[in-house]
Amino acid sequence: MKKMLSAAGVALLTALTAVFAFGQPAQAATGFSVSNGRLYDANGTEFVMRGVNHAHTWYPQQTSSFANIKALGANTVRVVLASGDRWTKNSAADVANVISLCKANRLICVLEVHDTTGYGEDGAATTLAKATDYWLSIADVLKGQEKYVIVNIGNEPFGNQGYSAWTTDTSNAIKRLRAGGLTHTIMVDAPNWGQDWSFTMRDNAGTVFNADPQRNTVFSIHMYGVFDTAAEISDYLGRFRTAGLPIVVGEFGFNHSDGNPDEDAIMSYAQTNRIGYLGWSWSGNGGGVEYLDMTTGFNPAQLTSWGQRIFNGANGIAATSREASVYAGSSPSPTTSPSPTTSPSPTTSPTPTPPPTTTPPPAGGCTATLTVVNSWQGGFQGDVKVTAGSAAISGWTATWTFANGQTVSQAWNATVSGSGSAWTARNVDYNGRLGAGASTTFGFIGNGSAATPAVTCSAS
């Protein structure tokens, strides 16, 4: 990221020509849509992103990160992919598996091509046109996933040179994706290494929004050293709110080599104004910015100070995240059994699901009900609903026994461990306290035949 070297002239947003479009929903509710500067899911429920970035393309073996990110409360993960122009291309099969992991863990997937980072200044970077070629080449695995996937065309598509082309190049990329049949919500990053110190995105966002025939585009600002005061943060984001243009903070950190961003102001303003934010990044940083790791070695039990801040601090993910309503009730079937060691395989017909079993607790304790929501050859997905009894509880533990050698490979919203056939799930920090009669849920991926053993719940 680059610190602003000189002040650019400040102009008002050129959004007046777009005003007529902002009062109408973008699309029929087949997926995410934009209306009046807000993002809505396929159920018509407003969705505010609370999540993190995950460098999948450089660490493809770290598939457990999806469940771990969810377990800490996130509702969204922005996934780093590569088009093959700078880094090794993520295949269509790999992207399909990423989407299945997001869905299995009830996360919204923001998929981004990273090869465009700093184009015009970084000689290794590629163009938005090349990124668009990539999206169109994997269109078959994206179509049908509009409820769960947002397409972020290219990461930080210009550096500090040649960025005047941002408006035209971004508009053309959007038009090509629409012509290619992609109806997803599209996310577009700002130039100037994502920080838009030149206000190129800010002042031309209306033009780009109108270039989308579906009016279903969201703008993403990356906040590092350029945004080191609360005034700069509120002014930038506030102009999008005033213009009725959808904006998210697609990346930010607590520190950076180009200056010290005001993460407290970013998170506070975003929460007050219902603006999404996605922190950088889960783990695996290098090049002198290792301090931006939220976990040490991808281990969710070893949160760094930055990880503690973004997940558990004021206006953090755990306190403010709300799961997308498209995951309410039952979850979509994964396109493949999400295993970190195998490639995706074709979807198999689901096997019949046994009815849920509940073990009643004493008054003031808790109940737990296990339901199989999806199954496939050799695996299944279970959801467990935990409900407090006649008095509030401060924590819970659910236990069950598998009868036929089933095991748990992933879990979210609970800490799950097993010993032989016996399995135990304990609440995580953000879902242990339940009022009388209140409920929470956790989920897991099971290996073996689908089963619904009786679940015992104990409260503390």
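Residues numbered from 1 in each chain as written. Predicted model: local features only at pLDDT ≥ 70, side-chain atom pairs only at ≥ 80, totals over all residues. Heavy atoms only, no water.

K.L.:
Got a minute to help me understand the overall build of the protein chain in this structure?
P.N.:
Per the secondary structure count, the protein chain includes 11 helices and 21 strands. Put simply, of all contacts in the protein chain between residues at least 6 apart along the chain, 75% involve residues at least 24 apart. Put simply, the protein chain shows about 16500 Å² of open surface, and 52% of that area lies on carbon and sulfur atoms. (Helix = DSSP H or I, 4+ residues; strand = E, 2+ residues; numbered from the N terminus. Contact = heavy atoms within 4.5 Å. Areas by Shrake-Rupley, 256 points an atom, 1.4 Å probe, with all protein chains shown as cover.)

K.L.:
Looking at this structure, I do not really get the nonpolar core. What am I missing?
P.N.:
Note that soluble globular proteins tend to have their nonpolar side chains buried in a common cluster. Ranked by internal contacts, the top residues of the largest apolar core, which has 93 residues, are L111, W135, L142, I153, F219, I221 and L237. Each residue touching I153, except ones within four places of it in the same chain, is listed here: V113, L128, A131, T132, W135, A173, I174, L177, I186, M187 and V188. Ranked by size, the runner-up nonpolar core spans 24 residues in total, among them V384, A388, F402 and A451. (Core = buried A, V, L, I, M, F, W, Y, C linked by side-chain atoms within 4.5 Å. Buried < 20%, exposed > 50% of the residue type's maximum accessible area, 1.4 Å probe, protein only.)

K.L.:
I tried to follow empty space enclosed by the protein on my own but got confused; where do I start?
P.N.:
If you roll a probe as big as a water molecule over the atoms, it shows you where there is empty space left. If you walk through the whole model with that rule in mind, you get 3 cavities of 30 Å³ or more. Computed from the structure, the largest cavity encloses a volume of approximately 110 Å³. Lining the largest cavity are 15 residues; nearest its centre among them are G37, L39, I247, V248 and R274. Breaking the lining of the largest cavity down by element, the ones donating at least two residues are β2 (38–40) and β9 (247–252). (1 Å grid on protein atoms, 1.4 Å probe; cavity = no way out; pocket = protein on both sides within 12 Å on 5 of 7 lines; lining within 4 Å. Points joined across faces, edges and corners; volume = space filled by probe spheres on them.)

K.L.:
Looking at this model, I keep getting lost on the side chain of N152. Mind explaining?
P.N.:
Following the sequence through the fold, N152 ends up in strand β6 (residues 149–152). Not counting residues up to four positions away in its chain, the partners in contact with N152 are R78, V110, L111, E112, V113, W135, M187, V188 and D189.

K.L.:
Would you take a moment to explain helix α8 (residues 230–243) for this structure?
P.N.:
Since the α-helix packs 3.6 residues into each turn, any two residues three or four apart lie on the same face. For α8, with 14 residues, the first-to-last C-alpha span of 20 Å sits near the 20 Å given by 1.5 Å per residue. Within α8, burial applies to I233, Y236, L237, G238, F240, R241 and A243. Remark: G244 follows α8 within two positions and exhibits a positive phi of approximately 70 degrees. (Expected span 1.5 Å × (residues − 1).)

K.L.:
Is there a simple way to explain the pattern of salt bridges in this structure?
P.N.:
It is possible for side chains of opposite charge to pair when their charged atoms get near one another. Following the criterion strictly, the structure yields 14 salt bridges and no others. Put simply, D264 and R309 hold a salt bridge, and the shortest N to O gap is 2.8 Å. Of the two residues, D264 sits in helix α9 (residues 263–272) while R309 sits in helix α10 (residues 305–312), which places them 45 residues apart along the sequence. Bridged by salt links that share partners, the residues K70, R106, E323 and D383 form one connected network. (Salt bridge = Lys/Arg side-chain N within 4 Å of Asp/Glu carboxyl O.)

K.L.:
How should I be thinking about the packing of aromatic side chains in this particular structure?
P.N.:
Centre-to-centre distance and the angle between the planes together describe a pair of aromatic rings. Across all of its chains, the model carries 23 aromatic pairs by this definition. Ring centres of F380 and F444 lie 5.9 Å apart, and the angle between their planes is 85 degrees; this geometry places the pair in the edge-to-face category. Highlighted residues: F380 in strand β15 (residues 379–388) and F444 in strand β20 (residues 439–447), separated in sequence by 64 residues. Grouping residues by exposure puts F380 and F444 together as buried. Between W400 and F402, the aromatic rings sit 6.2 Å apart at their centres with planes inclined by 80 degrees, giving edge-to-face as the arrangement. Chaining the aromatic ring pairs together yields one cluster made of F380, W396, W400, F402, W423, F442 and F444. Cation over ring: R202 sits above F199, and NZ or CZ is 4.1 Å from the ring centre. (Phe/Tyr/Trp six-rings, centres within 6.5 Å; stacked < 30°, edge-to-face > 60°. Lys NZ or Arg CZ within 6 Å of the ring centre and 35° of its normal.)

K.L.:
Explanation requested: the environment of T272 in the structure shown.
P.N.:
Tracing the sequence through the fold places T272 in helix α9. Placed 43 residues apart in sequence, T272 and N315 show a C-alpha to C-alpha distance of 9.1 Å.

K.L.:
How do you make sense of the sheet that holds strand β8 (residues 217–223) when you look at a structure like this?
P.N.:
Think of a sheet as strands paired side by side through backbone hydrogen bonds, with each pair either parallel or antiparallel. The parallel closed barrel is built from 8 strands, whose spatial order is β3-β4-β5-β6-β7-β8-β9-β10. Between one strand axis and the next, the sheet turns by 25 degrees as a mean value, whatever way the strands run. One ladder, built from 4 bridges, connects strand β7 (residues 186–189) with β8; its direction is parallel. If you follow V188 over to β8, its bridge partner there is F219. Contacts from helix α3 (residues 92–104) reach β4 (76–81), β5 (108–113) and β6, with the element oriented near 150 degrees to β5. (Pairing = 2+ DSSP bridges. Axes fitted to C-alpha atoms, helices over the stretch in contact; angles between N-to-C directions.)

K.L.:
Please clarify how the pairing of strand β18 (residues 415–419) should be interpreted in this entry.
P.N.:
Side-chain direction in a regular strand flips from residue to residue, so the side chains alternate between the two faces of the sheet. Pairing between β18 and strand β19 (residues 422–426): 5 bridges, direction antiparallel. Note on β19: the bridge partner recorded for S417 is T424. What sits between the antiparallel neighbours β18 and β19 is a turn of 2 residues, in which G420 has the positive phi angle 65 degrees.

K.L.:
Help me out: how do you make sense of the state of the cysteines in this one?
P.N.:
By definition, a disulfide is the covalent link that joins the sulfur atoms of two cysteine residues. Throughout the structure, instances matching the rule amount to 2 disulfides. Across the disulfide, C102 is cross-linked to C109 (sulfur-sulfur distance 2.0 Å). Classification of the bridge connecting C102 and C109 rests on its S-S torsion, roughly 70 degrees, and on that basis the disulfide is right-handed. Accessibility classification places C102 together with C109 in one group, the buried group. Paired through a disulfide, C366 and C457 show a sulfur-sulfur distance of 2.0 Å. Its S-S torsion of approximately -100 degrees makes the covalent link between C366 and C457 left-handed. (Disulfide = S-S within 2.5 Å.)

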